[in-house]
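Here's the letter readout for the chains.
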Amino acid sequence: MLKKNFLFSALALFALWAGWLIAYYAIGNEYLLPSFGQTVRSAFALLGKGEFWRAFGATFLRTAVAFVCSFACGGTLALFSRLYPAVRAFFAPLVSVLRTLPTMAVILALLLWTSPAAAPVIVAALVLFPALYAACLSAFDGAGEAFCDLTEAFGVCAKRKILRMYLPLAAPSVLGQAGAICSMGLKVIVSGEVLSSTYRSLGGMMHEAQNVLDMPQLLALTLVTVCIGFALEGLFALAAKPLLRWKA
């Protein structure tokens with residue numbers, strides 16, 4: 001099964017590379033679309049620059065802050081929503097509103113009220129919160145449906161339910177989805193940095209590269225960001241594996 005998954009992943013990467021190659025020769029203009037090799041060389045050149053690592057550190061920190069805050073709020077409110085139907089009914093429309101907020105419009109509004117460094121973090125937290133709330137609530141509901149009757153029959157208190165049932169049983173499912181959500185957070189942060197022209201950030205470097213028409217660096221930064229997103233998803237998947245084995 002592992003070999004089969006690896007084969008399909010390799011085929012997907014090959015298809016992306018082939019699509020890039022076809023587009024490169026179809027456009028025939030390196031100022032619009034540089035070659036894949038040129039982009040990779042530019043990416044490796046970036047890895048040797050202190051400016052890139054400072055920008056990467058700032059962007060990663062913003063992503064971590066937005067994700068942790070959203071995870072804490074979303075997980076806590078999802079737990080209360082599971083325990084108390086009134087809380088679930090109260091937050092249902094609020095979460096729906098946050099889920100449908102136009103990201104770019106929110107960033108533009110936040111730039112009037114906050115700084116270019118803070119705006120991407122706030123908008124990423126607003127985007128991630130509904131996703132994390134839904135993931136946690138679904139996991140808590142699954143745990144509750146499996147053991148709710150049993151805990152009620154034995155008169156288990158709410159504290160014991162939370163610590164011994166909801167949190168352990170929900171953790172594998174939540175961690176399995178958290179990687180993709182964190183990767184989405186990185187995308188939102190970088191998009192916000194581009195629109196905000198955030199100083200010392202991956203998005204800010206992309207904006208600068210676009211201004212000077214440095215397409216190899218722009219695509220190299222995009223490629224690096226995609227690789228970081230894959231790495232985040234992989235780390236969360238590895239963290240979830242022991243919990244999945246324990247649950248099984």
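The structure under discussion appears in the preceding block.
Attention in this report is confined to the structure presented alongside it. Source: prediction; values computed, not measured.

**Remarks on the overall build of the protein chain**
Thinking step 1. For the protein chain, the helix and strand inventory stands at nine helices and zero strands.
Thinking step 2. Seen in sequence order, the protein chain has helices and strands lined up from the N terminus as α-α-α-α-α-α-α-α-α.
Thinking step 3. Counting over 248 residues, the protein chain shows a buried share of 38%.
Thinking step 4. Restricting the contact set of the protein chain to residue pairs at least 6 apart, pairs at least 24 apart contribute 74%.
Thinking step 5. If you sum the accessible surface of the protein chain, you get close to 14,300 Å²; carbon and sulfur atoms cover 72% of it.

**Describing helix 2 (residues 36-47)**
Thinking step 1. Taking 1.5 Å as the rise per residue, helix 2 with twelve residues should run 16 Å; its terminal C-alpha atoms sit 17 Å apart, in good agreement.
Thinking step 2. Within the sequence span of helix 2, burial applies to T39, S42, A43 and L46. Down the axis of helix 2, the buried set is contained in an arc of 105 degrees. They therefore lie on one face. Pointing more than 90 degrees away from the buried face of helix 2 are the exposed residues R41 and F44.

**A look at unusual backbone geometry**
Of all residues except glycine, most have a negative phi; of all peptide bonds, most are trans.
Thinking step 1. The backbone of S197 shows a phi angle near 55 degrees, a positive value even though the residue is not glycine.
Thinking step 2. Mapped onto the secondary structure, S197 falls in the loop between helix 7 (158-196) and helix 8 (202-211).
Thinking step 3. When its relative accessible area of 39% is taken as the criterion, S197 is described as partly exposed.
Thinking step 4. Here R200, not a glycine, exhibits a phi torsion of approximately 55 degrees, which is positive.
Thinking step 5. By relative accessible area, R200 is classed as partly exposed at 42%.

**Re the nonpolar core**
Thinking step 1. The biggest cluster of nonpolar side chains holds 31 residues, and the ones touching the most others in it are F67 and L221.
Thinking step 2. Sorting elements by how many residues they give to this core places helix 9 (residues 215-247) first, with ten residues.
Thinking step 3. The next biggest cluster of nonpolar side chains, apart from the first, holds 17 residues, and it includes L79, Y133, L169 and A170.

**Some details on the pattern of salt bridges**
Two side chains that carry opposite charge are able to pair once their charged atoms sit near each other.
Thinking step 1. Per the stated rule, a full pass over the model turns up three salt bridges.
Thinking step 2. Between D141 and R82 there is a salt bridge, and its shortest N-O distance comes to 3.2 Å. Separated by 59 residues along the polypeptide, D141 in helix 6 (residues 119-153) and R82 in helix 3 (residues 50-83) bring together distant segments of the chain. You'll find D141 and R82 in the same group, each marked buried.
Thinking step 3. For R88, the salt bridge goes to D141, with nearest N and O atoms at 2.7 Å. Of this pair, R88 sits in helix 4 (residues 85-99) while D141 sits in helix 6, and the two are 53 residues apart along the sequence.
Thinking step 4. Residues participating in the shared-partner salt-bridge network are R82, R88 and D141.

**Digging into the packing of helix 3 against helix 4**
Thinking step 1. Running from amino to carboxyl end, helix 3 crosses helix 4 at an angle of 125 degrees, the nearest separation of the two axes being 5 Å. If you check the angle between helix 3 and helix 4, you find them oblique. Relative to helix 4, helix 3 is oriented so that their crossing is left-handed. Residue-level inspection shows L77, F80, S81, R82 and L83 of helix 3 in contact with helix 4, the latter providing P85, V87, R88 and F91.
Thinking step 2. Residues that form the contact of helix 3 with helix 4 fall into these classes: six nonpolar, one polar and two charged.

**Examining the environment of G204**
Thinking step 1. By secondary structure assignment, the location of G204 is in helix 8.
Thinking step 2. A residue is classified by how much of its surface remains accessible, and G204, at 15% relative accessible area, is buried.
Thinking step 3. When sequence neighbours within four positions are dropped, the list of residues in contact with G204 reads E193 and T198.

**Structural notes on the side chain of S183**
Thinking step 1. Considering the arrangement of structural elements, one finds S183 in helix 7.
Thinking step 2. A residue is classified by how much of its surface remains accessible, and S183, at 15% relative accessible area, is buried.
Thinking step 3. Once residues lying within four places of it in the same chain are set aside, the contact partners of S183 are G229 and E233.

What counts as what
- Residues numbered from 1 in each chain as written.
- Predicted model: local features only at pLDDT ≥ 70, side-chain atom pairs only at ≥ 80, totals over all residues.
- Heavy atoms only, no water.
- Helix = DSSP H or I, 4+ residues; strand = E, 2+ residues; numbered from the N terminus.
- Buried < 20%, exposed > 50% of the residue type's maximum accessible area, 1.4 Å probe, protein only.
- Contact = heavy atoms within 4.5 Å.
- Areas by Shrake-Rupley, 256 points an atom, 1.4 Å probe, with all protein chains shown as cover.
- Expected span 1.5 Å × (residues − 1).
- Arc of directions from axis to C-beta.
- Core = buried A, V, L, I, M, F, W, Y, C linked by side-chain atoms within 4.5 Å.
- Salt bridge = Lys/Arg side-chain N within 4 Å of Asp/Glu carboxyl O.
- Axes fitted to C-alpha atoms, helices over the stretch in contact; angles between N-to-C directions.
- Parallel < 35°, antiparallel > 145°, perpendicular 65-115°, else oblique.
- Left-handed = near helix turned anticlockwise from the far one by under 90°.
- Nonpolar A, V, L, I, M, F, W, Y, C, P; charged D, E, K, R; others polar.

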